[in-house]
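Report on the structure
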Amino acid sequence: MEYNAALRTFDCDPTLTDSQVLDFCSQGFLLLPGAVPDEINRRTCSYLEGKIPINPSYIPEGLTRADLERIRATHEPSTIFLEDWFIEQVLLNPALAGVMRSLLGPNVGLPVLASHHRVECPAQPQGWHHDADHLFGPELHFVEVFYFPQDTPPELGPTELVPGTHLFPSRREPGEKGVLAEGPAGTLGIHHQSILHRRGSSTATGLRHMLKYNYWRTAPPKRDWVREPDFDFRRAYYGGHNTARYAAHMFYWLCGQADHFRIIGGQAWPWSSVNQIGPSYGYGSKEGYLPDWRKNNQDGYAVP
Ligand SMILES: [Fe+2]
């Protein structure tokens, strides 16, 4: 692990394989249950509840200690990113760092803004929503994290997500369920910022903290995660109808190959079925279309 405190970036070995990176492209999230040590989880809760003083490793240019005291007391307590113990044990958590290095390339930029979602349980669920300012597209310039510093079983209303909904606008009725980002204290949820989600309903009594923040890309994308010797771009499973094309486009963008991505539609690559007797046609096509991320065309394809 190389941490550059001056630039607030880090580098380390990537941990995700081709298949796991493609899985993130199609699902839009992954979960690291209990990744942060208990002592740090307890200290985070104390910090968020104002029970311990701030101890910033430095005061950023343009800010004063009084500014930091003010920021710490808001719903965006970004000053926690200046605490050495939080940087070492949460921001640079080895399991998380390996994932971020895989998805965002070398010299990953650390978060600058924290969002503190504090809920007195029990509480009704939120409505399903895509967060403000979400963007649908093949690019992955940043990745979002949820950090739950206390045990967060279903009864305490963990975040609920719908896999695959980071690819296009989605709606859900309040009664429809998703996947819960539940887990013991120290659970880190990693997801595409555009994914459909809500705070789940809670039935237990108590305080639920959750911190949300983004890691940032600083280098152009290329396929420098853990390569699988037998990974086959032609035969890989990219997803079902109306989704495979988006996941494949994102995967090609991450490989630094977006300029070579064209699709011809129908049963052609990147779509496939387990019941076909040969690989899909259309792989490597020089002519064709791109997925219509802006939804401007009736058939869902955009002219390159
Ligand atoms: Fe949200």
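What you see is a predicted model, and the numbers here were worked out from it, not measured in a lab. (Residues numbered from 1 in each chain as written. Predicted model: local features only at pLDDT ≥ 70, side-chain atom pairs only at ≥ 80, totals over all residues.)

1. Comments concerning the environment of R235
Inspection of the secondary structure assignment puts R235 in the loop between β13 (211-216) and α6 (244-254). Among the residues examined, R235 registers 13 C-beta atoms within 10 Å and is labelled partly exposed. Residues R235 and Q27 lie 208 residues apart in sequence; the distance between their C-alpha atoms is 18 Å. (Helix = DSSP H or I, 4+ residues; strand = E, 2+ residues; numbered from the N terminus. Buried ≥ 20, exposed ≤ 12 C-beta atoms within 10 Å, placed from the backbone.)

2. A closer look at the domain arrangement of the protein
For the protein, the domain assignment lists domain 1 (2-216) and domain 2 (229-304). The straight-line distance from the C-alpha centre of domain 1 to that of domain 2 is 31 Å. Residue-level contacts link 14 residues of domain 1 with 14 residues of domain 2. Residue composition of the side of domain 1 that touches domain 2, grouped by class: 8 nonpolar, 4 polar and 2 charged. (Domains from an automatic or database assignment. Contact = placed C-beta atoms within 7 Å. Nonpolar A, V, L, I, M, F, W, Y, C, P; charged D, E, K, R; others polar.)

3. Brief notes about the sheet that holds strand β9 (residues 179-180)
An order of β9-β8-β11 is seen for the 3 strands of this open sheet, with the pairing classed as antiparallel. Strands with a single pairing partner mark the edges of an open sheet, and in this sheet they are β9 and β11 (197-199). Bridge count for strand β8 (residues 159-161) against β9 is 2 bridges, and the pairing is antiparallel. Residue E160 lies in a different strand from β9, and its bridge partner there is L180. (Pairing = 2+ DSSP bridges.)

4. Remarks on the packing of helix α2 (residues 38-48) against helix α4 (residues 84-91)
Axis separation between α2 and α4 bottoms out at 11 Å; the angle between their running directions is 130 degrees. As far as their axial angle goes, α4 and α2 are oblique. Regarding α2 and α4, the two cross each other, and that crossing is left-handed. Along its contact with α2, which presents I40, R43 and T44, the element α4 presents W85, F86, Q89 and V90. Its residues assigned to classes, the contact of α2 with α4 shows 4 nonpolar, 2 polar and 1 charged. (Axes fitted to C-alpha atoms, helices over the stretch in contact; angles between N-to-C directions. Parallel < 35°, antiparallel > 145°, perpendicular 65-115°, else oblique. Left-handed = near helix turned anticlockwise from the far one by under 90°.)

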